[in-house]
Amino acid sequence: MTSILIFLLFISTADPWADDSPGVSYGEGAGFGQGFYPENILGPPDPNATSTYPSSSESELLTLGKYGWIVLEFVDNIVIDGDGPDFSVFENVFQFGSSYFRECAFVEVSQDGISWVMFPWDSQTLEGLAGVWPTTGDDPTNPAVSGGDQFDLSDIDLSWIKYVRLTDCGDDVQDGGLFDLDAVVAVNWQEAEVFNQNDLVC
Ligand SMILES: [Ca+2]
Ligand SMILES: [Ca+2]
Ligand SMILES: [Ca+2]
């Protein structure tokens, strides 16, 4: 009985947030937030951030630097392809008037941390990049109200992923500067302990 209770307690701790960061490589201009890494980019986005008052705290943000990259891993859960967007990336984008201050990153995903698939992106519309839309401050697990940038695994024909890699766009995109990661949040997910990858067709 005790072992059953411990097991139930264990699986009940799964959460939608990214759980670990097994790799990071800083580029020119990095430094901000490194003293708080990795806690500042795990868990939910800054709860005080809104569209017009973005997060500015080193305890919530990590600057990757020019062409810097970071890998996030889902440990207690995996992201699955469900209806609509499957995960969201939050940066400290903010709105002023009808304009937005944006700092973008390329988004790749992986099942094993070795083979990666990049979401297609457009340098003019910025579609397919992270760091485009502000955090609203509303429920970060609900893409209909959360803001941030949403990604749908069906767009790249994957049924599940365990890793997300974000790479600062550097000079490849005309944006405001350096990407500052706040959080990566699963929208459609399963607990890792009950997940059997043989049940899903990749
Ligand atoms: Ca998690
Ligand atoms: Ca954060
Ligand atoms: Ca989907």
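One can find the structure itself at the top, above this paragraph.
What counts and how
- Residues numbered from 1 in each chain as written.
- Chains lettered and ligands numbered in written order.
- Predicted model: local features only at pLDDT ≥ 70, side-chain atom pairs only at ≥ 80, totals over all residues.
- Helix = DSSP H or I, 4+ residues; strand = E, 2+ residues; numbered from the N terminus.
- Buried ≥ 20, exposed ≤ 12 C-beta atoms within 10 Å, placed from the backbone.
- Contact = placed C-beta atoms within 7 Å.
- Pairing = 2+ DSSP bridges.
- Core = buried A, V, L, I, M, F, W, Y, C linked by C-beta atoms within 7 Å.

The number of helices and strands found in the protein is 1 helix and 14 strands. Put simply, the protein has 202 residues, and 40% of those count as buried. Summarising the internal contacts of the protein: among those between residues at least 6 apart in sequence, 80% fall at separations of at least 24.

Before going further, it helps to spend a moment on the sheet that holds strand β14 (residues 189-191). The 3 strands lie next to each other as β11-β4-β14, forming an open sheet whose pairing is antiparallel. At either margin of the open sheet sits one strand with a lone partner, and together these are β11 (160-161) and β14. As paired elements, strand β4 (residues 77-80) and β14 share 3 bridges and run antiparallel to each other. Residue valine 79 lies in a different strand from β14, and its bridge partner there is tryptophan 189.

Generally speaking, nonpolar side chains in soluble globular proteins are found buried as a group. Counting 46 residues, the largest nonpolar core has Val79, Cys104, Ala105, Val107, Leu129, Val164 and Leu166 as its most contacted members. Contributions of two or more residues to this core are made by β3 (69-73), β4, β5 (87-91), β8 (105-110), β11, β12 (163-168) and β13 (180-186). Those residues in contact with valine 107, other than ones at most four positions away along the chain, are Val89, Met118, Phe119, Leu129, Ala130, Phe151, Val164 and Leu166.

With respect to burial, β13 is a largely interior element, 7 of its 7 residues being buried. Looking at chain direction, strand β2 (residues 62-63) and β13 are connected through 2 bridges and run antiparallel. Its bridge partner lying in β13, leucine 62 is registered against leucine 181.

Spatially, β2-β13-β5-β10 is the arrangement adopted by the 4 strands of the open sheet, whose pairing is antiparallel. Of all strands in the sheet, those with a lone pairing partner are β2 and β10 (149-151), marking the two edges. Where β5 and β13 come together, 5 bridges link them in antiparallel fashion. Each residue of the ladder has a partner; that of glutamate 91, found in β13, is leucine 181.

Turning to the pairing of β12, a few remarks are in order. By the criterion of burial, β12 is predominantly enclosed, with 5 of the 6 residues buried. In terms of strand pairing, β3 meets β12 through 5 bridges, oriented antiparallel. By the bridge assignment, tryptophan 69 is partnered in β12 with threonine 167. Pairing of β8 with β12 involves 6 bridges; the strand directions are antiparallel. The residue of β12 that forms the bridge with glutamate 108 is arginine 165.

What follows covers the environment of alanine 18. In this structure, alanine 18 sits in the loop between α1 (2-11) and β1 (20-25). Distance in space between the C-alpha atoms of alanine 18 and lysine 162 is 9.2 Å, their sequence separation being 144 residues. Excluding anything up to four places from it in sequence, alanine 18 contacts Leu42, Leu72, Glu73, Phe74, Val164 and Val184.

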